[in-house]
Amino acid sequence: MTQVCIAAYVYGVVQGVGFRYNTQSKANALGLTGYARNLDDGSVEVLACGQQQQVDALVAWLKAGGPRGARVERVLVEPRGVEAFNGFDIRY
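Just so we're clear, the structure is a prediction, and the values are computed from it rather than from any experiment.

**Considerations on the overall build of the protein**
Per the secondary structure count, the protein includes two helices and five strands. Overall, the protein shows an N-to-C arrangement of helices and strands of β-α-β-β-α-β-β. Its C-alpha atoms give the protein a radius of gyration of 12 Å, near enough to 12 Å, the size a compact globule of 92 residues would have. In terms of overall dimensions, the protein has C-alpha extents of about 35 × 25 × 20 Å along its principal axes. Counting all 92 residues of the protein, 41% fall into the buried class. Counted over contacts in the protein with a minimum sequence separation of 6, partners at least 24 positions apart contribute 78%. Accessible surface for the protein amounts to roughly 5100 Å². Of this, 46% is attributable to carbon and sulfur atoms. Computed over 9 positive and 8 negative side-chain charges, the separation of the two mean positions in the protein equals 6 Å.

**Details of the packing of aromatic side chains**
Here the structure, examined in full by the defined rule, presents two aromatic pairs. Where F19 meets W61, the ring centres are 6.3 Å apart and the plane angle is 40°; that geometry is what we call tilted. A residue pair is termed long-range when its members are at least 10 positions apart, and F19 in helix α1 (residues 19-30) and W61 in helix α2 (residues 52-63) qualify at 42 residues. Among the residues examined, F19 registers a relative accessible area of 1% and is labelled buried.

**Some thoughts on the UniProt feature "active site" (unreviewed entry) in the protein**
In the UniProt entry, the feature "active site" (unreviewed entry) is given for R20 and N38. In sequence the annotated residues extend across 19 residues, while in space they remain close, none of their C-alpha pairs exceeding 7.9 Å. Leaving out residues up to four positions away in the same chain, R20 has contacts with A36, R37, N38, V44, I90, R91 and Y92. Counting through the fold element by element, N38 comes out in strand β2 (residues 33-38). Among the polar contacts listed, one links the side chain of N38 to the side chain of R20, at a separation of 3.4 Å.

What counts and how
- Residues numbered from 1 in each chain as written.
- Predicted model: local features only at pLDDT ≥ 70, side-chain atom pairs only at ≥ 80, totals over all residues.
- Heavy atoms only, no water.
- Helix = DSSP H or I, 4+ residues; strand = E, 2+ residues; numbered from the N terminus.
- Rg over C-alpha atoms; globule rule 2.2 N^0.38 Å.
- Buried < 20%, exposed > 50% of the residue type's maximum accessible area, 1.4 Å probe, protein only.
- Contact = heavy atoms within 4.5 Å.
- Areas by Shrake-Rupley, 256 points an atom, 1.4 Å probe, with all protein chains shown as cover.
- Lys, Arg positive; Asp, Glu negative; His and termini not counted.
- Charge placed at Lys NZ, Arg CZ, Asp CG, Glu CD.
- Phe/Tyr/Trp six-rings, centres within 6.5 Å; stacked < 30°, edge-to-face > 60°.
- UniProt positions renumbered as here; feature names shortened; annotations may be inferred.
- Polar contact = N/O pair within 3.5 Å; in protein donor to acceptor, adjacent residues only side chain to side chain.

The structure is reproduced here in structure tokens:
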């Protein structure tokens, strides 16, 4: 099984609505590693590593709008080199 990593940049109303916490819960449920963090421009960066199918499931969840209260306007996804993380963290 090949590991893949992606960076997803989520734009819209995604800060102050529990987006990182809910993303962490979803990523953990999918068995992914990486992190979610707020960026200065009001977006959220999600770096996720795992099996392709699980990474795709997280991206689909992000594009579907994430948690209640969030309003996702767009999600940009870029492939990344594989990195090793211990779990899925919220970064500040």
